[in-house]
Each structure stands twice: as structure tokens, then as C-alpha cells.
Amino acid sequence: MLEFIYIFILLLFFLSLFGYILVILKEKVYMKRNIIIIENKYLTKEDLKEIDINEFILQGKKVKSGDEIKIVTSQKEKLNGTLIGANKCNKSIHIITFKNKIKKLKIDNILKLKITSKYGKFLNY
């Protein structure tokens, strides 16, 4: 009986390891095809249509859609969320906060920007 449990635990370990490797490979394929997945049910197609830049430099930092960022505005408002992209005509960036609100911020109103997590950081060395 003990041998059966041992084999069963090993089988579960190797299956989970195999699944993890498949997820990493899928993410790598998405990165090569420049596909960014932001899983949020509050993000609509209209929000995505307003975006025309997915990768840009802001305050000397290279940011990309899908990065998790912290922002301090000129009104001392602190925002944490995921970057959706930027609109070149309006000179604004769009983020979705962790409270599921879409914020459109003018670049001139941003005092501080900190990248807390890069999208696909495991695959980008």
C-alpha cells in the first residue's frame, strides 16, 4: 500500500511538472508572436481599440503592455495596476487597476513610475 502511494505521488509530481513546462512553452510562443494576454473580464474591446502603442519608453523606463506598474500622479494619487497601452494622439497611458477600473492618465500628470513586474519576465533574460 505504501508503495502505491509513493508511485502515485511521483506520478502527480511529474504530471504537474509536465503541465508547467507546457504552460511555459505556450507563453514563449505567444511572446514570439507578440501576443499579450491580459485576463480581465472588465476589459472591453472599446478599451483596446483606443490603444495604438504597446511598447514605449516612459520616464527612461521601457514599458510594455502587460507590465504591472505603480504610478504616483501630480495629485498625489497612487495607482497600482496592469498597463494596457498608450494612446499617442491623447498623450495618455491606459491601465487597469487591481480594483478592475480602467484609468486613462495623461503622461504630463505622472510624477513617478515604478515597474513591479515585467510581462513574461521568466522568458526574457
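Provided above is the structure to which this section pertains.
Residues numbered from 1 in each chain as written. Predicted model: local features only at pLDDT ≥ 70, side-chain atom pairs only at ≥ 80, totals over all residues. Heavy atoms only, no water.

Participant: Would you explain the overall build of the protein chain in this entry?
Facilitator: In terms of regular secondary structure, the protein chain is built from two helices and seven strands. When the helices and strands of the protein chain are read in sequence order from the N terminus, they spell out α-α-β-β-β-β-β-β-β. Its C-alpha radius of gyration of 19 Å places the protein chain more than 25% over the 14 Å reference for a compact globule of 125 residues. Considering only C-alpha atoms, the protein chain reaches an extent of 65 × 30 × 30 Å along its principal axes. Buried positions account for 29% of the 125 residues belonging to the protein chain. Counting contacts in the protein chain only where the partners sit at least 6 residues apart, residues at least 24 apart contribute 58% of the total. Split by element, the accessible area of the protein chain, about 9500 Å² in all, is 60% carbon and sulfur. Charge centroids of the protein chain, computed over 24 positive and 12 negative side chains, lie 5 Å from each other. (Helix = DSSP H or I, 4+ residues; strand = E, 2+ residues; numbered from the N terminus. Rg over C-alpha atoms; globule rule 2.2 N^0.38 Å. Buried < 20%, exposed > 50% of the residue type's maximum accessible area, 1.4 Å probe, protein only. Contact = heavy atoms within 4.5 Å. Areas by Shrake-Rupley, 256 points an atom, 1.4 Å probe, with all protein chains shown as cover. Lys, Arg positive; Asp, Glu negative; His and termini not counted. Charge placed at Lys NZ, Arg CZ, Asp CG, Glu CD.)

Participant: Before we go on, may I ask you to explain the layout of surface pockets in this structure?
Facilitator: Where empty space is left becomes clear once a probe the size of a water molecule has been rolled over the atoms. Put simply, the largest pocket is a space of about 340 Å³. Lining the largest pocket are 14 residues, and of these Ile36, Leu48, Asn54, Ser65 and Ile84 lie nearest its centre. (1 Å grid on protein atoms, 1.4 Å probe; cavity = no way out; pocket = protein on both sides within 12 Å on 5 of 7 lines; lining within 4 Å. Points joined across faces, edges and corners; volume = space filled by probe spheres on them.)

Participant: Hey, could you run me through the side chain of threonine 73 in this one?
Facilitator: The topology assignment puts threonine 73 in strand 3 (residues 68-73). Threonine 73 sits in the buried class, given a relative accessible area of 2%.

Participant: In this structure, what is going on with the nonpolar core? I would like to understand it.
Facilitator: Among the nonpolar cores identified, the biggest contains 13 residues, and Phe56, Leu58, Ile71, Leu83, Ile93 and Ile95 are the most heavily contacted of them. For this core, the secondary-structure elements that each account for two or more residues are strand 1 (55-58), strand 3, strand 4 (78-87), strand 5 (92-97) and strand 7 (110-117). Looking at which element gives the most residues to this core, the answer is strand 4, with three residues. With residues up to four places along the chain from it excluded, the contact list for leucine 83 reads Ile38, Phe56, Val63, Lys64, Ser65, Gly66, Asp67, Ile69, Ile93, His94 and Ile95. (Core = buried A, V, L, I, M, F, W, Y, C linked by side-chain atoms within 4.5 Å.)

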